[in-house]
Amino acid sequence: MNLEVDRGRLFNEIEKLALISDAEPPAVTRVVFSPTDGKARVWFIGLCEQAGLAVRHDPVGNTFARWSGTEPDVPAVGTGSHIDAIPNAGKYDGVVGVLGGLEAIRALQRSGFRPKHSLELLLFTSEEPTRFGIGCLGSRLLSGSMPADAARKLVDKEGASLEEVRRNAGFAGALEEVKLSHGYLKAFVELHIEQGPLLERHRVPIGIVTSIAAPASFRFAVEGAGGHAGAMLMPERRDALCAASELILAIETAAKASGAVDTVATVGICDVFPGAVNSIPSRVRFTLDLRDTSLERRDAVLRVIQAAREDISAKRQVVIQEELVNADAPAQCATEITEALSRACTKHQLASIPMVSRAYHDSLFMSRIVPAGMLFIPCRHGYSHRPDEYSSPEDIERGVLVLAETLAALAS
Ligand SMILES: [Zn+2]
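A quick note: this is a predicted structure, and the numbers were derived from the prediction, not measured.

A. Quick peek at the side chain of Glu 103. Among the secondary structure elements, Glu 103 is positioned in helix H3 (residues 95–111). We classify Glu 103 as buried; its relative accessible area is 0%. Aside from chain neighbours lying at most four places away, what touches Glu 103 is Glu 4, Val 5, Asp 6, Leu 10, Arg 110 and Val 400.

B. Fine view of H3. The end-to-end C-alpha distance of H3, which contains 17 residues, comes to 24 Å, matching closely the 24 Å that a straight helix rising 1.5 Å per residue would cover. Of all 17 residues in H3, 14 are buried; the element is thus mostly enclosed. Among the residues trailing H3, Gly 112 stands out with phi positive, at a value near 90°.

C. Molecular detail of the pairing of strand E7 (residues 185–193). A large share of E7 lies buried, amounting to eight of its nine residues. Sheet topology places E7 next to strand E18 (residues 372–377); six bridges connect them, and they run parallel. Each bridged residue has a counterpart across the sheet, and for Val 189 the counterpart in E18 is Gly 373.

D. Summary view of the environment of Ala 265. Mapped onto the secondary structure, Ala 265 falls in strand E11 (residues 264–266). A C-alpha to C-alpha distance of 9.9 Å links Ala 265 and Leu 302, two positions 37 residues apart in sequence. Apart from the residues lying within four places of it in its own chain, the contact partners of Ala 265 are Ile 251, Ala 255, Leu 288, Asp 289 and Leu 290.

E. Region of the structure containing the domain arrangement of the protein chain. As far as domains go, the protein chain holds domain 1 (7–213 + 330–411) and domain 2 (215–327). One C-alpha centre belongs to domain 1, the other to domain 2; they are set 37 Å apart. At the interface, eight residues of domain 1 touch 10 residues of domain 2. Of all residues in domain 1, Ala 213, Pro 330 and Arg 358 bury the most surface against domain 2, accounting for 62% of the area lost on that side. Salt-bridge contacts for Arg 358 lead to Asp 262; the nearest nitrogen and oxygen are separated by 2.8 Å. Counting every contact that joins domain 1 to domain 2 gives two residue pairs in polar contact (both at pLDDT 80 or more). Counted by class, the side of domain 1 that touches domain 2 contains four nonpolar, two polar and two charged residues.

F. Quick look at the coordination of the zinc ion. Within the protein, His 82 (NE2), Asp 93 (OD) and His 192 (NE2) serve as the donor atoms for the zinc ion, at 2.0 to 2.2 Å. Positions of the donor residues of the zinc ion, expressed as sequence spacing, correspond to H-x10-D-x98-H. With Asp 93 in the loop between strand E5 (85–89) and H3 and His 192 in strand E7, this residue pair connects regions lying 99 residues apart in the sequence. By relative accessible area, Asp 93 is classed as buried at 9%.

Calculation rules
- Residues numbered from 1 in each chain as written.
- Predicted model: local features only at pLDDT ≥ 70, side-chain atom pairs only at ≥ 80, totals over all residues.
- Heavy atoms only, no water.
- Helix = DSSP H or I, 4+ residues; strand = E, 2+ residues; numbered from the N terminus.
- Buried < 20%, exposed > 50% of the residue type's maximum accessible area, 1.4 Å probe, protein only.
- Contact = heavy atoms within 4.5 Å.
- Expected span 1.5 Å × (residues − 1).
- Pairing = 2+ DSSP bridges.
- Domains from an automatic or database assignment.
- Buried area = accessible area lost by both parts, 1.4 Å probe.
- Salt bridge = Lys/Arg side-chain N within 4 Å of Asp/Glu carboxyl O.
- Polar contact = N/O pair within 3.5 Å; in protein donor to acceptor, adjacent residues only side chain to side chain.
- Nonpolar A, V, L, I, M, F, W, Y, C, P; charged D, E, K, R; others polar.
- Donors = N, O, S within 2.8 Å, 3.2 Å for Na, K, Ca; no water.

As structure tokens, this is what we get:
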């Protein structure tokens, strides 16, 4: 099999898709179910049809472009990613996995390869949380990780429901139908830019993802007692901000003491009430984003944080409430996929390193229903979600080559 990636054509397609955007080039903004997203989808489907793929979509707009295998009834091998982009983003996040996935299929077609298992290119709806506040909407529903009822309750900032918006975008049918039937896919592989600096720093063209970290997010509310900053003496105080500060430092300590660099904890928002220079803070609200590649370790760190919360609450006579906003379990990539990726790299004499994906991706959810894995390619300075996001055509070509070789192995 002589695999050749048409780098020039793929590069042109990435540039063309970047122009279907609501931002001034080079920035890209493409929010799910906007007219621009619709235009991009129509253009993408045209490319798939040119390649002879059969295109269908499900009620939430996940799109499947299928190259039928010689045994069309056996489970398919999937690849793909997303084309929605947060405001003022770049050209490559997600897009490399979608258009690169298409080019991998075309390269296999040109080589004369015929898959036994059908190859299916997936475009996932709303990987980015921009519109409905929750990321990976399409893959959550596909994998059954989110009940259709919960999805029906989603509303965007303008008050429009997902139900209304998706139907207006042309996607009818009940959300219950989105969930993939058991055994529909045999394997899933996603090509993605790294969104971090490690591959570039180590001068390695391919990262083979071994696990995908996932966040748990919480809201904390601390209720103390307010008062005059001059009149209320220190022994009498129940200062909510001092209690919150102690807890925030306990969170940092707990994450650092987990025993793994993969544990990260961030308090990114902290609101102080009443917020006056001469008034003792009576109420503080803050958020916690806690991530890890191991669910057990993340839970253990959370228990340490909860014990600290109780101690601080008792000691300082304040009430501290904790509310879970959302928790997704991290995923381990399937060894059959990481091994297939590694063999493909060896075959094409490309160096690779194992990596942890610290951002989450549709593959996190796909891994719950099918052996799944990811490969990363370098992006300049690790920049992503900004207009100067960049991956070189050579790096993209290498990623597509390894993807195509891996798909061929899995579909044979
Ligand atoms: Zn992405």
